[in-house]
Every structure is written in structure tokens, then in C-alpha cells.
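# Geometric and topological summary
Residues per chain, in single letters:
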Amino acid sequence: STNGKKILPFQPLFFSSPIQAKADIIPVTVTYTHLNGKPVTEQDKDRLHWYGQVPFHLHLWNILSFKSINVKITIHQKIRSVEYQNIIVERHNLAQAARDVISAGC
């Protein structure tokens, strides 16, 4: 989650499951380009991005209230989780690797 200005650190705990399952991770970036037919402005970003302490259901309700939203989806190169162990430092490294891939693509 982000306010659209920077990519915050990823939570390493969420990378435990793909490591255990030996599943590849496919990082995806969603970029909002237009809101109700107009280019997204800085003030629109607070209405579009999910971050901070906003409960997800409130964010989703807000998103569904717009007439139209155009997005650009970027699918990044997969990351092989099999190369990481399910220990704290390795989950952190995997989280950082995913963040680095997405940051480089933005």
C-alpha cells in the first residue's frame, strides 16, 4: 500500500507462505492513470490509493463510487521464492527483492 508518492517497505511476514509453498512471486504494479475520464491529479491520489490506517472495506467502497477508473497494470519478472528460507532474515530479503523489482519498474 502506498500514497502514490513512494513505495513503502513490504511486510516480510507475508512472504512466509510463498516460501513454504515454493511458489514463484509475480510482482504487479497498478498505476491509476485516469479518474472519471480525467488524468489523475495529486489530490486524486488520496482518494485512489490505499494506505495508512484506512480499513480496506472503506477504501474499496470509495473506489466503487467512481464512475470510471483507468489503470495501467505492469507485470514484473517473477521472483523464485525457492531460493529463500523461511526465516526472518530471508523473508526480509525476499520482501526487499519484491519491493526493488516494483520500485525499478515505476
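Presented here is an overview of the structure given in this document. (Residues numbered from 1 in each chain as written. Predicted model: local features only at pLDDT ≥ 70, side-chain atom pairs only at ≥ 80, totals over all residues. Heavy atoms only, no water.)

Turning next to the overall build of the chain. Scanning the chain for helices and strands turns up four helices and three strands. When the helices and strands of the chain are placed in sequence order, the string is α-β-β-α-α-β-α. Its C-alpha atoms put the chain at 45 × 25 × 20 Å along the principal axes. Counting over 106 residues, the chain shows a buried share of 26%. For the chain, the proportion of contacts with a sequence separation of at least 24, taken over those separated by at least 6, is 73%. Entry remark: accessible area of the chain is about 7500 Å², with carbon and sulfur atoms responsible for 57%. Seen as two clouds, the 12 positive and the 7 negative side-chain charges of the chain have centres 5 Å apart. (Helix = DSSP H or I, 4+ residues; strand = E, 2+ residues; numbered from the N terminus. Buried < 20%, exposed > 50% of the residue type's maximum accessible area, 1.4 Å probe, protein only. Contact = heavy atoms within 4.5 Å. Areas by Shrake-Rupley, 256 points an atom, 1.4 Å probe, with all protein chains shown as cover. Lys, Arg positive; Asp, Glu negative; His and termini not counted. Charge placed at Lys NZ, Arg CZ, Asp CG, Glu CD.)

Another aspect to go through is the nonpolar core. Formed by F15, I19, I25, I79, Y84, L94, A95, A97 and A98, the largest nonpolar core amounts to nine residues. At four residues, the largest contribution of residues to this core is made by helix 4 (residues 88-105). Every residue in contact with Y84, bar those within four places of it in the chain, is listed here: I19, I79, E90, N93, L94 and A97. Counting residues in hydrophobic clusters, the runner-up holds five residues, among them V40, L48, I63 and F66. (Core = buried A, V, L, I, M, F, W, Y, C linked by side-chain atoms within 4.5 Å.)

Let us now look at the pattern of salt bridges. Applying the stated criterion across every chain, the model contains four salt bridges. Linking R80 and E83 is a salt bridge whose minimum nitrogen-to-oxygen distance equals 3.5 Å. Judged by its relative accessible area of 40%, R80 falls in the partly exposed class. (Salt bridge = Lys/Arg side-chain N within 4 Å of Asp/Glu carboxyl O.)

So, on to the environment of N36. Here N36 is to be found in the loop between strand 1 (28-35) and strand 2 (38-39). Given a relative accessible area of 37%, N36 falls into the partly exposed group. For the pair N36 and S17, spaced 19 residues apart in sequence, the C-alpha to C-alpha distance is 37 Å. N36 has contacts with F66, K67 and S68, leaving out every residue within four places of it along the chain. A polar atom in the side chain of N36 sits 2.8 Å from the backbone nitrogen of K67. (Polar contact = N/O pair within 3.5 Å; in protein donor to acceptor, adjacent residues only side chain to side chain.)

The antiparallel open sheet is built from three strands, whose spatial order is 2-1-3. Of all strands in the sheet, those with a lone pairing partner are strand 2 and strand 3 (69-75), marking the two edges. With two bridges connecting them, strand 1 and strand 2 associate as antiparallel partners. Bridged to L35 within strand 2 is K38. (Pairing = 2+ DSSP bridges.)

By themselves, these observations are geometric and do not establish any function.
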